Amino acid sequence: MDMQSAFQRIRRALEDFNVEIERARAEQAISQNQIASVEYELDQMKKLIAESALAE
């Protein structure tokens, strides 16, 4: 394998790696949004429970 081929192979590997990193970042962002949504819903439920307890 000549030097040019070796560099092209390394460049392709780095590009593939970068694609995987971007995919992981996108998945992480989705997960963070889902967590935030669940936390919001839990807070809403806590408020309803507290209001219900006060009303009794």
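Residues numbered from 1 in each chain as written. Predicted model: local features only at pLDDT ≥ 70, side-chain atom pairs only at ≥ 80, totals over all residues. Heavy atoms only, no water.

Draft legend 1. Fine view of the overall build of the chain. When you go through the chain residue by residue, the secondary structure sums to one helix and zero strands. Scaling as 2.2 N^0.38, a compact globule of 56 residues should have a C-alpha radius of gyration of about 10 Å, whereas the chain reaches 24 Å, well beyond that. Referenced to the eigenvectors of the C-alpha coordinate spread, the extents of the chain come out at roughly 80 × 10 × 5 Å. Sorting the 56 residues of the chain into buried and exposed places 0% on the buried side. (Helix = DSSP H or I, 4+ residues; strand = E, 2+ residues; numbered from the N terminus. Rg over C-alpha atoms; globule rule 2.2 N^0.38 Å. Buried < 20%, exposed > 50% of the residue type's maximum accessible area, 1.4 Å probe, protein only.)

Draft legend 2. Seen up close, the pattern of salt bridges. One pass over the full model with this rule turns up three salt bridges. Arg-23 serves as the salt-bridge partner of Glu-20, at 2.5 Å between the closest nitrogen and oxygen. You can see Glu-20 and its partner Arg-23 sitting in helix α1 (residues 3-55), three residues apart, about one turn around the helix. We classify Glu-20 as partly exposed; its relative accessible area is 44%. Taking relative accessible area as the criterion, Arg-23 reaches 41% and is therefore assigned partly exposed. Taking the shortest distance from any N to any O, the salt bridge between Arg-25 and Glu-22 comes out at 3.0 Å. Of the two residues, Arg-25 and Glu-22 both sit in helix α1, three residues apart, roughly one turn of that helix. Residue classification places Glu-22 among the partly exposed positions, given a relative accessible area of 45%. (Salt bridge = Lys/Arg side-chain N within 4 Å of Asp/Glu carboxyl O.)

Draft legend 3. Local environment of the environment of Tyr-40. Inspection of the secondary structure puts Tyr-40 in helix α1. Taking relative accessible area as the criterion, Tyr-40 reaches 49% and is therefore assigned partly exposed. Distance in space between the C-alpha atoms of Tyr-40 and Ala-55 is 23 Å, their sequence separation being 15 residues.

Draft legend 4. Focus on a nonpolar patch on the surface. Judged by side-chain polarity, Met-3, Phe-7, Ile-10 and Leu-14 come together as a nonpolar surface patch covering roughly 450 Å² of accessible area. Secondary-structure assignment places Leu-14 in helix α1. (Patch = residues over 30% accessible without salt bridge, like charges linked within 9 Å, V, L, I, M, F, W, Y side chains within 5 Å. Areas by Shrake-Rupley, 256 points an atom, 1.4 Å probe, with all protein chains shown as cover.)

This is a description of form; function is not addressed.
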